[in-house]
Amino acid sequence: MKIKQISIFLENKKGRLWKALNTLKNASINIRALYLADTSEFGILRLIVPEPEKAKKILEENDFAVKTNEVIAVELEDKPGGLASILKILKDSQINLEYIYAFVHEKKDKAILFLKADDIDKTIRALQDGGATILTPEEVYEL
Amino acid sequence: MIWNEEMECISRDDLKELQLKRLQETIKRVYENVPYYKKKLEENNIYPEDIESLEDIKRLPYTTKEDLRRVYPFGMFAVPKKEIIEVHTSSGTTGKPVVSSYTKEDIEIWGEVMARGLTMMGVTEDDIIQNTHGYGLFTGGFGVHYGAQRIGATVIPISTGQTRRQIEIMKDFGTTVMIFTPSYGLYLSEVAEEEGYNPREFQLKAIGFGAEMWTEEMRRELEKRFNAPAFNIYGLTEIIGPGVAMECPEKDGLHIFEDHFYPEIINSKGEPLPPGKRGELVITTLTRVGMPIIRFRTKDITSINYTECGCGRTLARISRITGRADDMLKVRGVSVFPSQIEKALLKIDGLQPHYQIIVTRPHLMDEMEVKVETSAEVFSDDIGEMMKLQKKIEEYIQDEIGLRVKVTLVEPKTLPRSEGKAVRVIDKRKF
């Protein structure tokens, strides 16, 4: 139910994002989803990949600072109001989000929302009670 | 005008005679009263009676900052503690601070040499001196103060800071002489303009500045902004404080008060260098009572010039300091050693002591940036946490060096390592 996400520290410097992604390319690791958060001074690259442990190891061998953590993947309708309905569930359950990022999946008319909250178990329960579809890691990786 | 014509215009022969007499007395005094020196002299197999000519000074061992730190706090005192009437210390930036002690006589010497220097700047009893050097353990404030009082000028002991107040006072009190570090001077002029004043219209007749490295361009800029000549002041806590050497109106080097401080220039191997050659300045105090110092390695790079000066003074001149023999940095007048940054980083769990210091002078004031490597341990997926970490490192460094710095987090293993010739400091300022 929880999806492993890897986060990579990047300097705000030319070529750093490329180097991180190229490192994964060389290890034949495909990226399912990506989100780059940045400040004026540094960035944090968040990735969903099918083999997070392997990706972490390879990045660390290439001197990147890497952390893994867990996010929730929610499937939603790719239509107006789809995201809002999920956010309403969270709002009603008084859950604070740290961040979200969404991807559209063309084959299924569905979108996938990755979300990170303080209390991940409580968030999963709230989403399930609210009728949202939570995806398993396998479902995410096989998309 | 010359404050002490007898000493400042003394013939070289008479000076040498006086220096030898005072050197002999000093060596005798430390041998008899400072166990640390007694031991050191004996280890070098030299005794007070061996000093027969000034040349013999070369046989004496050097004193380093390390020596002074080893006997912290009172181990260098050559008189009973009750005769010490004032103590100052260096900033203690690389460990224990160095304590400098003064007897009543020492304070008089300090006032005397500063009075000579202020007189070189044209200061008289009619002047109002605004002293922005800090009063406190730092020697800057008090040194200038004693000199000004000796002359009988009026001192405004305002210390550094309160910039708007400084400007108000300059205007309202009709300050005629300003004492500041060059970068603070430039900053003052800027703020004055912001406040709607033209610093050229203040009634300044002279500026005394020091405690920081600077360029001739910087001097010209200061002189232009305040419409007054600016004179260089040199000194160091270990020797006495400001007033060891000062500039006359010729502005061709700083007259070192050789009747009190005996200068030598040496190369990195500790060998003496002839006049005109650049090297490390070594100073022996000749008259200090409370804490005589033998052949102190100042780490300041300069050269010495014994030729006659246009001002009529015969005392030798040292060129303005343009470098250091160690890795010390002067940033906004504060001594900073890279090792202090390392010390601060090591206090934070999980942080590696890999860093790089970049000093710039983007506008008028020195800026210091410290690049620090992130590590897997300290890296957090949460941007807020990372910003907090950055701030925490900045605070730790500030605690250590007393200056606000900007910390930039960089990726692991992207900074040069300390093995071999790591470039720890990138000083982009031009001196």
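What counts, and at which threshold
- Residues numbered from 1 in each chain as written.
- Chains lettered and ligands numbered in written order.
- Predicted model: local features only at pLDDT ≥ 70, side-chain atom pairs only at ≥ 80, totals over all residues.
- Heavy atoms only, no water.
- UniProt positions renumbered as here; feature names shortened; annotations may be inferred.
- Helix = DSSP H or I, 4+ residues; strand = E, 2+ residues; numbered from the N terminus.
- Rg over C-alpha atoms; globule rule 2.2 N^0.38 Å.
- Buried < 20%, exposed > 50% of the residue type's maximum accessible area, 1.4 Å probe, protein only.
- Contact = heavy atoms within 4.5 Å.
- Areas by Shrake-Rupley, 256 points an atom, 1.4 Å probe, with all protein chains shown as cover.
- Lys, Arg positive; Asp, Glu negative; His and termini not counted.
- Charge placed at Lys NZ, Arg CZ, Asp CG, Glu CD.
- Pairing = 2+ DSSP bridges.
- Right-handed = clockwise from strand over helix to strand, strands pointing away.
- Buried area = accessible area lost by both parts, 1.4 Å probe.
- Salt bridge = Lys/Arg side-chain N within 4 Å of Asp/Glu carboxyl O.
- Polar contact = N/O pair within 3.5 Å; in protein donor to acceptor, adjacent residues only side chain to side chain.
- Nonpolar A, V, L, I, M, F, W, Y, C, P; charged D, E, K, R; others polar.
- Arc of directions from axis to C-beta.

- An unreviewed UniProt entry annotates chain B as Phenylacetate--CoA ligase of Methanothermobacter tenebrarum.
- The Pathway (unreviewed entry) field of the UniProt record for chain B holds the comment "Aromatic compound metabolism."
- Under the Subunit (unreviewed entry) heading, UniProt states for chain B: "Monomer."

- Looking at an unreviewed UniProt entry, chain A carries the name Acetolactate synthase, with the source organism given as Methanothermobacter tenebrarum.

**Describing the overall build of chain A**
Here's step 1: Across its full length, chain A holds five helices and seven strands.
Here's step 2: Along its sequence from the N terminus, chain A presents helices and strands in the succession β-α-β-β-α-β-α-β-β-α-β-α.
Here's step 3: The C-alpha atoms of chain A give a radius of gyration of 16 Å, which matches the 15 Å a tight globule of 143 residues would have.
Here's step 4: Overall, the C-alpha framework of chain A stretches about 45 × 30 × 25 Å when taken along its three principal axes.
Here's step 5: The buried share of chain A, taken over its 143 residues, is 47%.
Here's step 6: Counting only contacts in chain A whose residues sit at least 6 apart along the sequence, the fraction spanning at least 24 positions is 69%.
Here's step 7: Of the roughly 7,500 Å² that chain A leaves accessible, carbon and sulfur atoms contribute 48%.
Here's step 8: Across chain A, the mean location of the 22 positive side-chain charges is 3 Å away from that of the 23 negative side-chain charges.

**So, the pairing of strand β3 (residues 128-131) of chain B**
Residue and element names in this part refer to chain B.
Here's step 1: Strand direction decides the pairing type here: β3 and strand β4 (residues 154-156), joined by three bridges, are parallel. Among the inter-strand pairings, Ile-128 is bridged to a residue of β4, identified as Thr-154.
Here's step 2: The parallel pair β3 and β4, bridged by helix α6 (residues 139-151), forms a crossover whose chirality is right-handed.
Here's step 3: Bridge analysis of β3 against strand β5 (residues 177-180) gives three bridges, and the strand direction is parallel. When the sheet's bridge partners are listed, Ile-129 is paired in β5 with Val-177.

**Looking at the interface of chain A and chain B**
Here's step 1: Each partner contributes to the interface: chain A provides 24 residues, whereas chain B provides 20 residues.
Here's step 2: For the pair chain A and chain B, the summed buried area comes to about 1,700 Å², and 56% of that belongs to carbon and sulfur atoms.
Here's step 3: Along the contact surface separating chain A from chain B lie four salt bridges.
Here's step 4: At the boundary of chain A and chain B, one finds 11 residue pairs in polar contact (both at pLDDT 80 or more).
Here's step 5: In terms of residue count, strand β1 (residues 2-11) of chain A provides more of the side of chain A that touches chain B than any other element does, six residues in total.
Here's step 6: Counted by class, the side of chain A that touches chain B contains 10 nonpolar, four polar and 10 charged residues.

**Let's talk about the environment of Ile-51 of chain B**
Residue and element names in this part refer to chain B.
Here's step 1: Structurally, Ile-51 is set in the loop between α3 (35-43) and α4 (65-70).
Here's step 2: A residue is classified by how much of its surface remains accessible, and Ile-51, at 2% relative accessible area, is buried.
Here's step 3: Discounting chain neighbours no more than four positions away, the residues touching Ile-51 are Leu-20, Leu-23, Gln-24, Ile-27, Ile-46, Asp-56 and Leu-60.

**A word on helix α9 (residues 216-226) of chain B**
Residue and element names in this part refer to chain B.
Here's step 1: Those residues of α9 that fall on the buried side of the exposure criterion are Met-218, Arg-219, Leu-222, Glu-223, Arg-225 and Phe-226. What you see down the axis of α9 is that its buried residues fit within an arc of 165°, all on one side. Those residues of α9 that are exposed and aimed more than 90 degrees away from the buried face are Glu-217 and Lys-224.
Here's step 2: Where α9 is buried, its residues contact α7 (163-173), β5, α8 (182-194), β6 (206-210), β7 (230-236) and β8 (241-247).
Here's step 3: Of the residues flanking the end of α9, it is Asn-227, one or two places downstream, whose phi is positive at about 55°.

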